[in-house]
Amino acid sequence: MKAVFIERHGGPEELKYGVLPDPAAKRGEVVVDIHAASVNGADWKVRSGESYPQTKFPYVLGRDFSGVVSAVGEGVEDLAVGDEVFAVCDVGQEGAYAEKIAIKASIVARKPASISHVDAAALALAGLTALVSIEDTLKLRAGETILIQGGAGGVASIAIQLAKHIGARVITTASAANHAYLRGIGADQIIDYNVQDFTETVSGCDAVFHTVGGDVTQRSFAVLKPGGRAAFIASGAQAPKPARGEVQSLRPQVGRDRPHLDRIVELVGKGALRVPEITRFPLSEAAAAHKVSQARHFRGKLVLQVR
Ligand SMILES: NC(=O)c1ccc[n+]([C@@H]2O[C@H](COP(=O)([O-])OP(=O)(O)OC[C@H]3O[C@@H](n4cnc5c(N)ncnc54)[C@H](OP(=O)(O)O)[C@@H]3O)[C@@H](O)[C@H]2O)c1
């Protein structure tokens, strides 16, 4: 199969497009012929070695994808060859920048024909992360106000829509070029963080969802009302310790399972969730996608078209 892999950690130029052996389905697994794979914020950190440094090469990156089942391992009864599916790789597994992947069948979900492979790939990990953060971790409720940091990113684009669907008021931060996009997906108030300090205009929030990291992390606590809660996905594996005592700091535990992916399909089906804006690249141009991802100022999702 064709795949994009690294033979050592380094810059985008270390992403090689070449041929690797096809995977086989072990017991409980399916092989999926991948049509589209998404590029996530974590991928360039894995490529560079900043996160999850690898010792075995060639190493294929990529955490989520959409495609068609092409082989079924022993013991798999609920999926068949020809099924259209999408999935997020198991924690600790990667390999979606490729024409084929073997994956545990129980974490693969059916993709309805109404959602394209490119859209399903864009929704998988970003959607799962947004659902776990907004619904399961922050437990956002109707009538609450949430500040979503970094609104134009893939996870945040979905989180904004989920929060609006729940009935919350959404404040978000983004560069001016992304404000029209964010109004289009439902944000009530948008702050250009380049010219305005959000802590000077926002206060009394029930919740914060923080997808940016860096020095903005600690400042996010300042906008919470007493008893408010903040969830962090870009500030390390542990929730940061707040400078104030009467607020909660949470680190969403984003596991892998089929029900969350089914819920994404359900929300898209009833019109509550639209696919974030997508920029496509051919698989062979994964390095170009990584340059855009690492620069951190694109909108929505980057997707590799594999077939
Ligand atoms: N399981 C998990 O824990 C999990 C899963 C998925 C993602 N993540 C992490 O979550 C983070 C978000 O990932 P992502 O793929 O959604 O997006 P991303 O690629 O990391 O972020 C891109 C967006 O960030 C915005 N941005 C950059 N600096 C900003 C700032 N100071 N304030 C506000 N916005 C800023 C940019 O918008 P502007 O152009 O408007 O600045 C751009 O749209 C990443 O760090 C990723 O590793 C974690």
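What counts and what doesn't
Residues numbered from 1 in each chain as written. Predicted model: local features only at pLDDT ≥ 70, side-chain atom pairs only at ≥ 80, totals over all residues. Pairing = 2+ DSSP bridges. Helix = DSSP H or I, 4+ residues; strand = E, 2+ residues; numbered from the N terminus. Buried ≥ 20, exposed ≤ 12 C-beta atoms within 10 Å, placed from the backbone. Right-handed = clockwise from strand over helix to strand, strands pointing away. Near = placed C-beta within 6 Å. Nonpolar A, V, L, I, M, F, W, Y, C, P; charged D, E, K, R; others polar. Domains from an automatic or database assignment. Contact = placed C-beta atoms within 7 Å.

## Points about the sheet that holds strand S4 (residues 59-60)
The strand order across the open sheet formed by three strands is S2-S1-S4, and the pairing between neighbours is antiparallel. Each having just a single partner strand, strand S2 (16-19) and S4 make up the two edges of the open sheet. Of the pairings in the sheet, the one linking strand S1 (residues 2-6) to S2 comprises four bridges and is antiparallel in character. Paired with phenylalanine 5 across the bridge in S2 is lysine 16.

## Points about the pairing of strand S12 (residues 205-210)
The buried count for S12 comes to five of six residues, which makes it a mostly enclosed element. Judged from the five bridges that link them, S12 and strand S13 (residues 224-232) form a sheet pairing that is parallel. Of the residues in S13, the one forming a bridge with alanine 207 is arginine 229.

## Quick notes on the pairing of strand S10 (residues 169-173)
Of all five residues in S10, four are buried; the element is thus mostly enclosed. As a crossover connection, the stretch from strand S9 (residues 145-149) through helix H3 (residues 154-166) into S10 is right-handed. Strand direction decides the pairing type here: S10 and strand S11 (residues 189-191), joined by three bridges, are parallel. Opposite threonine 172, over in S11, you have isoleucine 190 as the bridge partner. Once you follow S10 into helix H4 (residues 179-184) and on to S11, the crossover reads as right-handed.

## Quick word on the site of the ligand
Close to the ligand lie 30 residues, the nearest being Gly41, Ala152, Gly153, Ser175 and Ala234. For the shell around the ligand, the secondary structure elements donating two or more residues are helix H2 (117-137) and H3. Its residues assigned to classes, the shell around the ligand comprises 14 nonpolar, 14 polar and two charged.

## Thoughts on the domain arrangement of the protein chain
Looking at the assigned domains, one finds that the protein chain contains domain 1 (2-124 + 255-305) and domain 2 (127-250). If you average the C-alpha positions of domain 1 and of domain 2, the two centres end up 26 Å apart. Contacts between the two partners involve 16 residues from domain 1, matched on the other side by 14 residues from domain 2. Looking at the side of domain 1 that touches domain 2, the elements that each hand over two or more residues are H2 and helix H7 (258-269). Take the side of domain 1 that touches domain 2: its biggest share by element is four residues, from H7. For the side of domain 1 that touches domain 2, the residue count by class is eight nonpolar, three polar and five charged.

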